[in-house]
Amino acid sequence: MTSATPRLSPPSPASSGLGGESRSGRFGNRLFAAISTGAGVTILIALAAVAAFLLVRAWPAFTASPGEVADATQGAGFWGYVAPLAFGTVLSSAIALVIAVPLSIGIALFISHYAPRRLASGLGYLIDLLAAIPSVVFGLWGMAFLQPLISPVLEWLSSTLGFIPIFAGYQAPARNVLTAGIVLAVMIMPIITATIREVFLQVPRLHEEASLALGATRWEMIRQAVLPFGKSGIISASMLGLGRALGETMAVLMVLSPGFAINFFLLKPGQHSSIAANIAAQFPESSGIAVDVLIATGLILFILTFAVNLLARWIVARRAQFDGAN
Amino acid sequence: MTAPATAAESRASAADAGRTRPDPAGSGRVRRPIPEPTPVPMAHRRRKDRLATIAVCGAFVLALIPLVSLVWIVVSNGISRFGWTFLNTDMVGVYGSMVSGGVYHAIIGTLQVTGIAAVISIPLGIFTAIYLVEYGRGPLKRGITLLVDVMTGIPSIVAGLFAFALFTILFGPAYKAAVIGGVALAVLMTPVVVRSVEEMLRLVPNELREAAYALGVPRWLTIVKVVLRTAIAGITTGIMIAIARVIGETAPLLVTVGLAAGVNWNAFEGRVATLPVYVYRQYAQGGASIDRAWAGALTLIAIVMLLNLLARLVSRYFSPRT
């Protein structure tokens, strides 16, 4: 694995003595370098523009008088409006992570250390296919397949463990935050699996062999060699998945029956919503200050996911420095 | 240094040793004798190993359930309405519980929006990748690499809000057009293009570049005629996968382009229907529209799978043999 850029010295046209051709070459070089550098800088500008334009449109929501904002937020005020949405976003994503991370580690292990070599790439491709399926179809799937399947299980959970708040108050169509979390888990699994798999494949063969040579079983080898090596990779993969889950819109919008409460009733419908789903639900019918308020919630979501992704990439980058030592 | 063949063998034999019964298929292999000084802990360790194997394989099977059930449920629910008439009619004059109507206008709209996104993000993505691989150095390169990575994580709805804010500030609040959706999708598509093209350009061996330089070919011509030509299969694959990824995006189009009942050929004026938004709205209406939602979902999945398949074929048949 070489991450170093090829350092090439371009031919110096001045010394080549080819006359006119070298001059056109020099011009082409300069133009081409300018275009590609410009493209790179455009990306930076685009990202800055995303933040800037959101900020400009969101500004009225932060500065308007409380009375104006109250109309758009059912009287809660801006921060009172955002708090339950942010809570719902984090709660549904946390549920998704709790379900998806162990599963993804299992799948990545299966592909990297259990499945026969020839099968492994095909299996990885199958999991990647899940990432290609549009989110709106996941919403349909959640309604038509998952809900009827999961409903009796939740019913039973609620009736036997109902004295614990998180299991209390289940009502028949499973349009609660737990179901939404499960759909999110399925959606973020491919990206977590892909990242973890890459890391597991990089585990130094010598570490694995040393462990096996000491008489470890396969599982002990994985615990001694693979998991410690892949720890930071697992963390950053989880954070990438978290970033995706925080911003996922359609599945939450279609599966969850929305509400504006801050509580841990995972099985009760009508308690939570998420920032993204709330925007998608309210935006087409909104006007005036309500649009600004929604864009302001979008800006908060942007900052949240930006921070999570930055942290994830930072962990990956820090890990990459140690690659050379192996 | 250990030869890879030895390594594979040692792993396979270790795997066999974990089982209680020798594997008949691998009986020809030399099996490592396992000393068993303390039988009870050994059995315990083996049980644990077996348990882990079951758990890992179970996780994989569990992950296949959504994939298989999803394809199955979309096909079985969508196939009844799906067909040539469905693909070839729009929703003009379809009301209430009427079962007619189709998705023609939404396919045209999806092509427009995705086309605009592709026109913006493919050149931008390719040139950024060229910068990162061929020219970039120092903090600017590191910054762009990091921000491209972070950009892949932008929530799609935020991209939609950005495009909405951009166009409402520039062209007034009532402006609705396919181009807004195209810009939103371009924000999501560009980082994917950059990533995949960059990876492909890195695979081009340095010797090829050096050979071109040795012949006196200018650097830019080397990039165009040697580097890009060599990587063209991979680049095509990456672009197709990027298109497949954004073609199913719903949320940004929901907040920017809305929905229309008929075909709107003008990408710069008026609402336009797109396939994902069509599926969502038909689903939200309920009743007779649910069937149209499923058939639309089937159309969408068929397009995405087709693009992925084509990308695979392109990379298999046109990649350079080494």
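Criteria and cut-off values
Residues numbered from 1 in each chain as written. Chains lettered and ligands numbered in written order. Predicted model: local features only at pLDDT ≥ 70, side-chain atom pairs only at ≥ 80, totals over all residues. Heavy atoms only, no water. Helix = DSSP H or I, 4+ residues; strand = E, 2+ residues; numbered from the N terminus. Expected span 1.5 Å × (residues − 1). Buried < 20%, exposed > 50% of the residue type's maximum accessible area, 1.4 Å probe, protein only. Core = buried A, V, L, I, M, F, W, Y, C linked by side-chain atoms within 4.5 Å. Contact = heavy atoms within 4.5 Å. pLDDT = per-residue confidence, 0-100. Buried area = accessible area lost by both parts, 1.4 Å probe. Salt bridge = Lys/Arg side-chain N within 4 Å of Asp/Glu carboxyl O. Axes fitted to C-alpha atoms, helices over the stretch in contact; angles between N-to-C directions. Parallel < 35°, antiparallel > 145°, perpendicular 65-115°, else oblique. Left-handed = near helix turned anticlockwise from the far one by under 90°. Nonpolar A, V, L, I, M, F, W, Y, C, P; charged D, E, K, R; others polar. Patch = residues over 30% accessible without salt bridge, like charges linked within 9 Å, V, L, I, M, F, W, Y side chains within 5 Å. Areas by Shrake-Rupley, 256 points an atom, 1.4 Å probe, with all protein chains shown as cover. Polar contact = N/O pair within 3.5 Å; in protein donor to acceptor, adjacent residues only side chain to side chain.

Moving on: helix α6 (residues 156-171) of chain B. All names here are of chain B. With 16 residues, α6 extends 22 Å between its outermost C-alpha atoms, agreeing within 8% with the 22 Å of an ideal straight helix rising 1.5 Å per residue. A large share of α6 lies buried, amounting to 13 of its 16 residues. Gly172 sits one or two positions beyond α6 and adopts a positive phi of about 95 degrees.

Another aspect to go through is the nonpolar core. One finds Val137, Phe138 and Phe283 of chain A together with Val74, Ile157, Met189 and Leu201 of chain B to be the most contacted residues of the largest nonpolar core, which totals 202 residues. Counting residues per element, this core draws most heavily on helix α4 (residues 78-114) of chain A, at 19 residues. Once residues lying within four places of it in the same chain are set aside, the contact partners of Phe138 of chain A are Leu130, Ile133, Val183, Val186 and Met187 of chain A together with Leu70 of chain B.

On average, chain A scores 86 in pLDDT, and the residues at 70 or more come to 90%. In the model, residues 1-8 of chain A has pLDDT below 50 throughout and makes 17 contacts with residues more than four positions away in sequence or in other chains.

Turning our eyes to something else, we now look at the side chain of Ser121 of chain B. Among the structural elements, Ser121 of chain B can be located in helix α4 (residues 104-135). Residues contacting Ser121 of chain B, with those up to four places away along its chain left out, are Ala186, Met189, Thr190 and Val193 of chain B.

This brings us to the interface of chain B and chain A. Taken together, the contacts link 93 residues of chain B with 93 residues of chain A. For the pairing of chain B and chain A, the buried interface totals around 8,500 Å² over both sides, and the portion due to carbon and sulfur atoms is 76%. Where chain B meets chain A, there are one salt bridge. Between Arg45 of chain B and Glu220 of chain A there is a salt bridge, with its nearest N and O atoms 2.7 Å apart.

Let's shift gears to the packing of helix α5 (residues 138-151) of chain B against helix α7 (residues 178-203) of chain B. Axes are the key here: two packed helices are described by the angle between their axes and the distance separating the axes. Residue and element names in this part refer to chain B. Interhelical geometry of α5 versus α7 gives an angle of 125 degrees and a closest axis separation of 9 Å. Classified by the interaxial angle, the pair formed by α5 and α7 is oblique. Classified by chirality, the crossing of α7 by α5 is left-handed. Residues Lys141, Thr145, Val148, Asp149 and Met151 of α5 form the contact with α7, whose own contacting residues are Val187, Pro191, Val194, Arg195 and Arg202. Considered class by class, the residues forming the contact of α5 with α7 number five nonpolar, one polar and four charged.

Moving on to a nonpolar patch on the surface. Where nonpolar side chains cluster on the molecular surface, the patch consists of Leu306, Leu309, Leu310, Leu313, Tyr317 and Phe318 of chain B and spans about 650 Å² of accessible area. Mapped onto the elements, Leu309 of chain B comes out in helix α13 (residues 289-318).

This brings us to the side chain of Asn263 of chain A. Residues and elements named next belong to chain A. If you trace the backbone, Asn263 turns up in the loop between α11 (250-255) and α12 (275-282). Among the polar contacts made by the side chain of Asn263, one reaches the main-chain amide nitrogen of Phe265 at a distance of 3.2 Å. Here the side chain of Asn263 touches Gln271 through a polar contact of 2.8 Å, side chain to side chain. Beyond its immediate chain neighbours, meaning those up to four positions away, Asn263 contacts Phe87, Leu91, Gln271 and His272.

With that settled, the discussion passes to the packing of helix α6 (residues 135-161) of chain A against α13 of chain B. Axis separation between α6 of chain A and α13 of chain B bottoms out at 10 Å; the angle between their running directions is 135 degrees. By the angle between their axes, α6 of chain A is oblique relative to α13 of chain B. As α6 of chain A packs across α13 of chain B, the resulting crossing turns out to be left-handed. Listed contacts from α13 of chain B to Val136, Val137, Leu140 and Ala144 of chain A of α6 of chain A are Ala293, Trp294, Ala297, Leu300 and Ile301 of chain B. Its residues assigned to classes, the contact of α6 of chain A with α13 of chain B comprises nine nonpolar, no polar and no charged.

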